[in-house]
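Remarks on the overall topology
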Amino acid sequence: MIVKELIETCNLEVIHPGDTSAVITEPYCCDLLSVAMGNAPAGCAWCTVMSNMNTLAVASLADCACIILCCSSSVDDNMKLKAVSQDICLLRTDRAIFDMALDVYRRIHA
């Protein structure tokens, strides 16, 4: 599954599209940046409520396909601008982290 398909099928809000042709390998759930930095697999759809600049840095280092901010996490203008400047796919949903990650998993393995 590619990011574009996930956006369309899960009705995700696009804060910045980044590379919507990126292949999603698996969902990843983590709200501790130091843990995500060492464990987020390349190509993952990272489901988190951590909406800050460091989240973008970790996603870039881990080569995540996208970040999905769950529970309607707020995003400030600086984060939006950084996502644009780094071309990181930043999405948002009102769904809980587990629910979103499970949906991603089911869609990948359908």
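In this text the structure is predicted, and so the values were computed from the model without any measurement.

Turning to its location among the elements, D63 is positioned in the loop between α3 (53–62) and β4 (66–69). For D63, the contacting residues outside a window of four places in its chain are A42 and G43.

Attention now moves to the packing of helix α1 (residues 3–10) against helix α5 (residues 97–108). Any two packed helices are characterised by how steeply their axes cross, that is the angle between the axes, and by the distance between the axes. Contact pair α1 / α5: the axes reach a minimum separation of 12 Å and the direction vectors enclose 120°. As the angle between them shows, α1 and α5 are arranged oblique. Pair α1 / α5 crosses with right-handed handedness. The residues of α5 that touch α1, namely those facing L6, T9 and C10, are M100, D103, V104 and R107. Looking at the contact of α1 with α5 residue by residue, the classes come out as 4 nonpolar, 1 polar and 2 charged.

For the rest of this paragraph, the subject is the pattern of salt bridges. Close approach of charged atoms allows side chains of opposite charge to pair. All told, the structure shown has 3 salt bridges when counted by the stated rule. The salt bridge partner of R92 is E13, with a shortest N-O separation of 2.8 Å. Taken together, the residues R92 in strand β5 (residues 90–92) and E13 in strand β1 (residues 13–16) connect sequence positions 79 residues apart. Put simply, R95 and D103 hold a salt bridge, and the shortest N to O gap is 2.7 Å. Linked through salt bridges whose partners overlap, the residues forming this network are R95, D103 and R107.

For the largest pocket, the calculated volume is near 180 Å³. The wall of the largest pocket is formed by D19, A22, A59, S60, D63, C64, A65, C66, Q86, D87, I88 and C89. Here the lining of the largest pocket is composed, by residue class, of 7 nonpolar, 2 polar and 3 charged.

Across soluble globular proteins, nonpolar side chains show a tendency to be buried alongside one another. Y28, W46, L56, C64, I67, L69 and L90 are the most contacted members of the largest nonpolar core, which has 20 residues in total. If you list the elements that add at least two residues to this core, you get α2 (33–39), α3, β4 and α4 (77–86). Considering each element in turn, this core owes the most residues, 4 residues, to α3. Not counting the four nearest positions on each side in its chain, L90 is found in contact with E13, V14, I15, H16, L56, I67, L69, V75, M79 and A83. V3, A65, I97 and A101 belong to the second largest nonpolar core, which has 19 residues in total.

Attention now goes to unusual backbone geometry. Notably, N11 is not glycine yet its phi reads approximately 55°, a positive angle. Counting through the fold element by element, N11 comes out in the loop between α1 and β1. In this structure N11 comes out as exposed when scored by relative accessible area, which is 69%. For D63, which is not glycine, the phi torsion reads 60° and is therefore positive. Of the residues examined, D63 reaches a relative accessible area of 52% and is grouped as exposed.

Calculation criteria
- Residues numbered from 1 in each chain as written.
- Predicted model: local features only at pLDDT ≥ 70, side-chain atom pairs only at ≥ 80, totals over all residues.
- Heavy atoms only, no water.
- Helix = DSSP H or I, 4+ residues; strand = E, 2+ residues; numbered from the N terminus.
- Contact = heavy atoms within 4.5 Å.
- Axes fitted to C-alpha atoms, helices over the stretch in contact; angles between N-to-C directions.
- Parallel < 35°, antiparallel > 145°, perpendicular 65-115°, else oblique.
- Left-handed = near helix turned anticlockwise from the far one by under 90°.
- Nonpolar A, V, L, I, M, F, W, Y, C, P; charged D, E, K, R; others polar.
- Salt bridge = Lys/Arg side-chain N within 4 Å of Asp/Glu carboxyl O.
- 1 Å grid on protein atoms, 1.4 Å probe; cavity = no way out; pocket = protein on both sides within 12 Å on 5 of 7 lines; lining within 4 Å.
- Points joined across faces, edges and corners; volume = space filled by probe spheres on them.
- Core = buried A, V, L, I, M, F, W, Y, C linked by side-chain atoms within 4.5 Å.
- Buried < 20%, exposed > 50% of the residue type's maximum accessible area, 1.4 Å probe, protein only.

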